[in-house]
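Residue-level structure breakdown
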Amino acid sequence: MLMIGLTGGIGSGKSEVSQRLAARGAVVIDADRIAREVVEPGTPGLARVVEVFGDEVLRPDGSLNREKLGTIVFADPGKLAALNAIVHPLVGERVAESQAKAADDAIVVYDVPLLAENGLAPMYDVVIVVDASDEIRLARLAEHRGMAEHDAKARIAAQASREDRLKIAHIVIDNDGSLDALDARVDEVWHDLQSRAARG
């Protein structure tokens, strides 16, 4: 089993890469999706978040208001650490369950937004960093997520710098260009991963 850590800053296009790797046969374990699942209504995770942050982080339907929680935690490193202390262990358990289900010869891609920040690079055989300039990332966040510029800048600033991410990369996927260019690059990377897996 080849274990790949896939990371990239917000707006870099990491999800696009993750989808393309899954389409080519990778087993993708998406830490962000799991992080959402562990705080869905009725979960112990959500109960704990409300205990720490109060009812104001809930929507009227009882689901987590991620935007509201985001504005609280991204402005305060202490609160971000408190949130991570709740969510990360729950995500870790779910990831371990998913990994146990993958075939022995699978190429397993862990889509981990905060891989660099949390010093997780040594856990993986290969670290792939999806990289894009800050200008392009800001434009994507405004266009695709409707994020205000100051919010987008705060999110980018709360994450590792591009330099810190690139330092831990075995493979870099430059995503400043078109989706066609990204497709071609993901093809190259997939062939590389398959040959690494075959070498064992």
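Check the entry above for the structure.
Fair warning: this is a prediction, and the values are worked out from it, not measured in the lab. (Residues numbered from 1 in each chain as written. Predicted model: local features only at pLDDT ≥ 70, side-chain atom pairs only at ≥ 80, totals over all residues. Heavy atoms only, no water.)

Looking now at the overall build of the protein. Scanning the protein for helices and strands turns up 9 helices and 5 strands. In the protein, the succession of α and β elements from N to C terminus is β-α-β-α-α-α-α-β-β-α-α-α-β-α. For a compact globule of 200 residues, the expected C-alpha radius of gyration is about 16 Å, and the protein comes in at 17 Å, within 12% of that figure. In terms of its C-alpha atoms, the protein occupies a principal-axis envelope of roughly 50 × 40 × 30 Å. Taking all 200 residues of the protein together, the buried fraction comes to 42%. Of the roughly 10400 Å² that the protein leaves accessible, carbon and sulfur atoms contribute 52%. (Helix = DSSP H or I, 4+ residues; strand = E, 2+ residues; numbered from the N terminus. Rg over C-alpha atoms; globule rule 2.2 N^0.38 Å. Buried < 20%, exposed > 50% of the residue type's maximum accessible area, 1.4 Å probe, protein only. Areas by Shrake-Rupley, 256 points an atom, 1.4 Å probe, with all protein chains shown as cover.)

As a further point, take the packing of helix 6 (residues 134-145) against helix 7 (residues 149-158). The description of two packed helices rests on the angle between their axes and on the distance between the axes. Contact geometry for helix 6 and helix 7: axes closest at 10 Å, N-to-C directions at 130°. One element, helix 6, and the other, helix 7, form an angle in the oblique class. The hand of the helix 6/helix 7 crossing is right-handed. Between helix 6 and helix 7, the contacting residues are Asp134, Arg137, Leu138 and Leu141 on the first element and Glu149, Ala152, Lys153 and Ile156 on the second. Among the residues making up the contact of helix 6 with helix 7, the classes are represented as 4 nonpolar, no polar and 4 charged. (Axes fitted to C-alpha atoms, helices over the stretch in contact; angles between N-to-C directions. Parallel < 35°, antiparallel > 145°, perpendicular 65-115°, else oblique. Left-handed = near helix turned anticlockwise from the far one by under 90°. Contact = heavy atoms within 4.5 Å. Nonpolar A, V, L, I, M, F, W, Y, C, P; charged D, E, K, R; others polar.)

Formed by 31 residues in total, the largest nonpolar core has its most connected members in Val49, Phe53, Leu69, Val87, Val91 and Tyr110. Counting residues per element, the ones that place at least two in this core are helix 2 (31-37), helix 3 (44-53), helix 4 (66-73), helix 5 (77-101), strand 3 (107-111) and strand 4 (126-131). The element contributing the most residues to this core is helix 5, with 6 residues. The contact partners of valine 91, leaving out residues within four places of it in the chain, are Ala31, Ile34, Ala35 and Val38. In this structure, Leu2, Ile171, Val186 and Val189 belong to the second largest nonpolar core, which totals 18 residues. (Core = buried A, V, L, I, M, F, W, Y, C linked by side-chain atoms within 4.5 Å.)

One open sheet accounts for 5 strands, arranged 2-3-1-4-5; its pairing is parallel. The open sheet terminates on both sides in strands that have one partner only, identified here as strand 2 (27-30) and strand 5 (171-174). Strand-to-strand twist in this sheet, taken as the mean axis angle between neighbours without regard to direction, amounts to 20°. As defined by bridge partners, strand 1 (residues 2-8) adjoins strand 3 across 5 bridges and the pair is classed as parallel. The residue bridging methionine 3 from the neighbouring strand is valine 108, located in strand 3. Along the sheet, helix 1 (residues 14-23) contacts strand 1, strand 2, strand 3, strand 4 and strand 5; its crossing angle with strand 1, the most-contacted strand, is approximately 155°. In the packing of helix 5 onto the sheet, the strands contacted are strand 1, strand 2 and strand 3, and the crossing angle to strand 2 comes to about 170°. (Pairing = 2+ DSSP bridges.)

Right, let's get into the pattern of salt bridges. One pass over the full model with this rule turns up 15 salt bridges. Between lysine 167 and aspartate 164 there is a salt bridge, with the nearest N and O atoms lying 3.2 Å from each other. Taken together, the residues span about one helical turn, with lysine 167 and aspartate 164 both in helix 8 (residues 162-167) at a distance of 3 residues. Overall, the relative accessible area of 66% leaves lysine 167 in the exposed class. (Salt bridge = Lys/Arg side-chain N within 4 Å of Asp/Glu carboxyl O.)

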